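This is what each chain is made of:
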Amino acid sequence: MQDSTFNTPRISSDSVTLEEVGVSHEEHPDLRVLGLLTFLVSESLMFGGFFASYLFLRGSNAVWPPEGTEVELLVPTINTIILVSSSFVIHLGDTAIKKNNVAGMRLWYAVTALMGAIFLGGQVYEYLTLGYGLTTNVFANCFYLMTGFHGLHVFIGLLLILGVLWRSRRQGHYSASKHTGIEMAEIYWHFVDIIWIILFSLLYILTLF
C-alpha cells in the first residue's frame, strides 16, 4: 500500500531567511515599530494635556508671564536651532545605512548624540540662570514641568542613539536590509523635535505678544 503521508520539505530557520521562502517584510511588518508609534501617540496625549492646561492658565491671567518670570530667548533659540538641525543630521544616518554604509550611519548618529547632549547642557544652563524656581508662580511651574518632561524625553532619545552606536560595533548587526533599530531611534528623535517646536512657540514666542 502506497504511503499517503505527504513528504513536505523541512525548512530550517537557521539556514534561510524569510525572503528566501517568499515571505516579504511588507507582508509581515515589524510590530516593534507599531509599538513605538503607539507609545508616541500616548506621549502626545500627555503633552497635549500640558499644552491645553498652559493655554487655559495663560488665558485666565491678565499678565502673562507674571512679573519676575521674564523669559530669555537667546539660549533657547540656540537650543532650538541645534535640536531641529539634529533631525536632519539623524536622517542622514538613516539614509547611510540604507546604502549599507555603516560607517556613515555611525558618524551621523554620533553627531546627533553630540547635538542632543549640547541641547541638554543648554537647558541646564538656562535653569541655573533664570532666577526663578519651580514654585515661584504658575508660569514657572508650567515652564519647569513642560521643559523638564521634554528634557527627559531628549535624554531617553540620546540613550537610544547611543544604544544604536554601541550595537553597531557588531559586524553585520545593521545593514541595508536590517536596520529597524536605527529607524526607531530616528522616529523617536523626530517626535522629540516636534514637541520642542510646540513648546518653544508656547513658552517663548507667545510671551512676546
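Cut-offs applied
The written sequence of each chain sets the order in which its residues are numbered from 1. Side-chain atom pairs in this predicted model are given and counted only at pLDDT of 80 or more, local residue features only at pLDDT of at least 70, and totals for whole chains, interfaces and linings cover all residues. Side-chain descriptors were evaluated using all non-hydrogen atoms of the structure, hydrogens and water having been removed beforehand. Numbered from the N terminus, helices here are DSSP runs of H or I no shorter than four residues, and strands are runs of E no shorter than two. The buried label applies to any residue whose accessible area, calculated with a 1.4 Å probe on protein chains only, is under 20% of its type's maximum; exposed applies above 50%, and partly exposed to all values in between. Any two residues whose heavy atoms approach within 4.5 Å are treated as being in contact. For the accessible areas, the method is Shrake-Rupley and the probe is 1.4 Å, while residue cover comes only from the protein chains on display. Each helix should span, by expectation, one fewer than its residue count multiplied by 1.5 Å. UniProt positions are given in the numbering used here, feature names are shortened, and annotations may be inferred rather than shown by experiment. Every axis corresponds to a line fitted to the C-alpha atoms, with the helix fit spanning only the stretch in contact, and the corresponding angles, defined between N-to-C directions, vary from 0 to 180 degrees. Oblique is the label for any angle not covered by the other classes, which are roughly parallel (under 35 degrees), roughly antiparallel (over 145) and roughly perpendicular (65 to 115). Residue polarity is assigned by list, with Asp, Glu, Lys and Arg as charged and Ala, Val, Leu, Ile, Met, Phe, Trp, Tyr, Cys and Pro as nonpolar; anything else, Gly included, falls into the polar class. Any two of the Phe, Tyr and Trp rings considered here, Trp counted by its six-membered ring, make a pair once their centres fall within 6.5 Å; the pair's planes then place it as stacked at under 30 degrees, edge-to-face at over 60, or tilted in between. Note on terminology: a nonpolar core comprises buried Ala, Val, Leu, Ile, Met, Phe, Trp, Tyr and Cys residues joined through side-chain atoms within 4.5 Å. Here a crossing is taken to be left-handed if its near helix is turned anticlockwise relative to the far helix by less than a right angle, and right-handed if that turn runs clockwise. In protein, a polar contact requires one atom able to donate a hydrogen and another able to accept it; more generally it is a pair of N or O atoms within 3.5 Å, and residues adjacent in sequence count only if both atoms are side-chain atoms. Criterion for a salt bridge: a side-chain nitrogen of Lys or Arg within 4 Å of a carboxyl oxygen of Asp or Glu.

Observations regarding the overall build of the protein chain
(1) Moving on: Helix and strand content of the protein chain: five helices and zero strands.
(2) Moving on: Reading the secondary structure of the protein chain in the N-to-C direction produces α-α-α-α-α.
(3) Moving on: Taken over 209 residues, the protein chain has a buried fraction of 38%.
(4) Moving on: Taking contacts inside the protein chain between residues at least 6 apart in sequence as the whole, the part at least 24 apart equals 80%.
(5) Moving on: Counting only carbon and sulfur atoms, one obtains 66% of the accessible surface of the protein chain, whose full area is about 12,500 Å².

Description of helix 2 (residues 74–98)
(1) Moving on: When the terminal C-alpha atoms of helix 2 are compared, their 37 Å separation across 25 residues agrees well with the 36 Å that a helix rising 1.5 Å per residue should span.
(2) Moving on: Just beyond helix 2, the residue with positive phi is Asn100, at close to 65°.

Notes on the UniProt feature "transmembrane region" (unreviewed entry) in the protein chain
(1) Moving on: Mapped onto the present numbering, the UniProt feature "transmembrane region" (unreviewed entry) falls at residues 33–57, 77–95, 107–125, 145–166 and 187–206.
(2) Moving on: Span residues 77–95 is 100% helix and 0% strand, its end C-alpha atoms 28 Å apart.
(3) Moving on: Helix makes up 95% of residues 187–206 and strand 0%, with an end-to-end C-alpha separation of 28 Å.

Structural notes on the packing of helix 1 (residues 31–60) against helix 5 (residues 180–205)
(1) Moving on: For the pair helix 1 and helix 5, interaxial distance at closest approach is 11 Å and the crossing angle is 10°. One way to sum up the angle between helix 1 and helix 5 is to call them roughly parallel. Along the contact surface, helix 1 presents Arg32, Val33, Leu36, Leu37, Phe39, Leu40, Glu43, Ser44, Phe47, Phe51, Tyr54 and Leu55, while helix 5 presents Thr180, Met184, Ile187, Tyr188, Phe191, Ile195, Ile198, Leu199, Leu202 and Leu203.
(2) Moving on: Considered class by class, the residues forming the contact of helix 1 with helix 5 number 18 nonpolar, two polar and two charged.

Some details on the packing of aromatic side chains
(1) Moving on: As enumerated under the stated definition, the model contains 17 aromatic pairs in all.
(2) Moving on: Measuring from centroid to centroid gives 5.0 Å for Tyr127 and Tyr144, while their planes differ by 45°, and the two rings are tilted. Here Tyr144 lies in helix 4 (residues 138–167) and Tyr127 lies in helix 3 (residues 102–129), a separation of 17 residues in the sequence.
(3) Moving on: Here Tyr144 falls in the buried class, since its relative accessible area comes to 15%.
(4) Moving on: Here the aromatic rings of Trp196 and Tyr204 are separated by 6.3 Å at their centres, their planes lie at 55°, and the arrangement is tilted.

Comments concerning the nonpolar core
(1) Moving on: Residues Tyr54, Met105, Tyr109, Phe139 and Leu203 are the most contacted members of the largest nonpolar core, which totals 44 residues.
(2) Moving on: Those elements that provide at least two residues to this core are helix 1, helix 2, helix 3, helix 4 and helix 5.
(3) Moving on: In terms of residue count, helix 5 provides more of this core than any other element does, 13 residues in total.
(4) Moving on: Ignoring sequence-local partners within four residues, the contact set of Phe139 consists of Tyr54, Trp64, Pro65, Pro66, Thr69, Val71, Tyr132, Leu203 and Thr207.

A few points about the packing of helix 4 against helix 5
(1) Moving on: Interaxial distance between helix 4 and helix 5 falls to 10 Å at its minimum, and their mutual angle equals 160°. What the angle tells us is that helix 4 and helix 5 run roughly antiparallel. Between helix 4 and helix 5 lies a crossing whose hand is left-handed.
(2) Moving on: Residues belonging to the contact of helix 4 with helix 5 are distributed by class as follows: 20 nonpolar, five polar and no charged.

Overview of the environment of Phe143
(1) Moving on: By secondary structure assignment, the location of Phe143 is in helix 4.
(2) Moving on: The spacing of Phe143 and Leu199 is 56 residues in sequence and 9.3 Å in space, taken between C-alpha atoms.
(3) Moving on: Those residues in contact with Phe143 that sit more than four places away from it in its chain are Glu126, Tyr127, Leu130, Gly148, Leu203 and Tyr204.

Notes on the side chain of Thr207
(1) Moving on: In this fold, Thr207 is placed in the segment after helix 5.
(2) Moving on: A relative accessible area of 17% places Thr207 in the buried class.
(3) Moving on: For Thr207, the side chain forms a polar contact with the main-chain oxygen of Tyr204, separated by 2.4 Å.

Details of the pattern of salt bridges
(1) Moving on: Considering all chains together, one arrives at two salt bridges under this definition.
(2) Moving on: For the salt bridge of Lys98 with Asp94, the shortest nitrogen-to-oxygen distance reads 3.1 Å. Within this pair, Lys98 and its partner Asp94 are both found in helix 2, separated by four residues, close to a single helical turn.
(3) Moving on: On the basis of relative accessibility, which here comes to 43%, the residue Lys98 falls in the partly exposed class.
(4) Moving on: Of the charged contacts in the structure, one is a salt bridge between Glu183 and Lys98, with a shortest N-O distance of 3.4 Å. Here the residue Glu183 occupies a position in helix 5, and Lys98 occupies one in helix 2, the gap between them amounting to 85 residues.
(5) Moving on: We classify Glu183 as partly exposed; its relative accessible area is 24%.
(6) Moving on: Here the salt bridges do not stand alone but share partners, grouping Asp94, Lys98 and Glu183 into one network.

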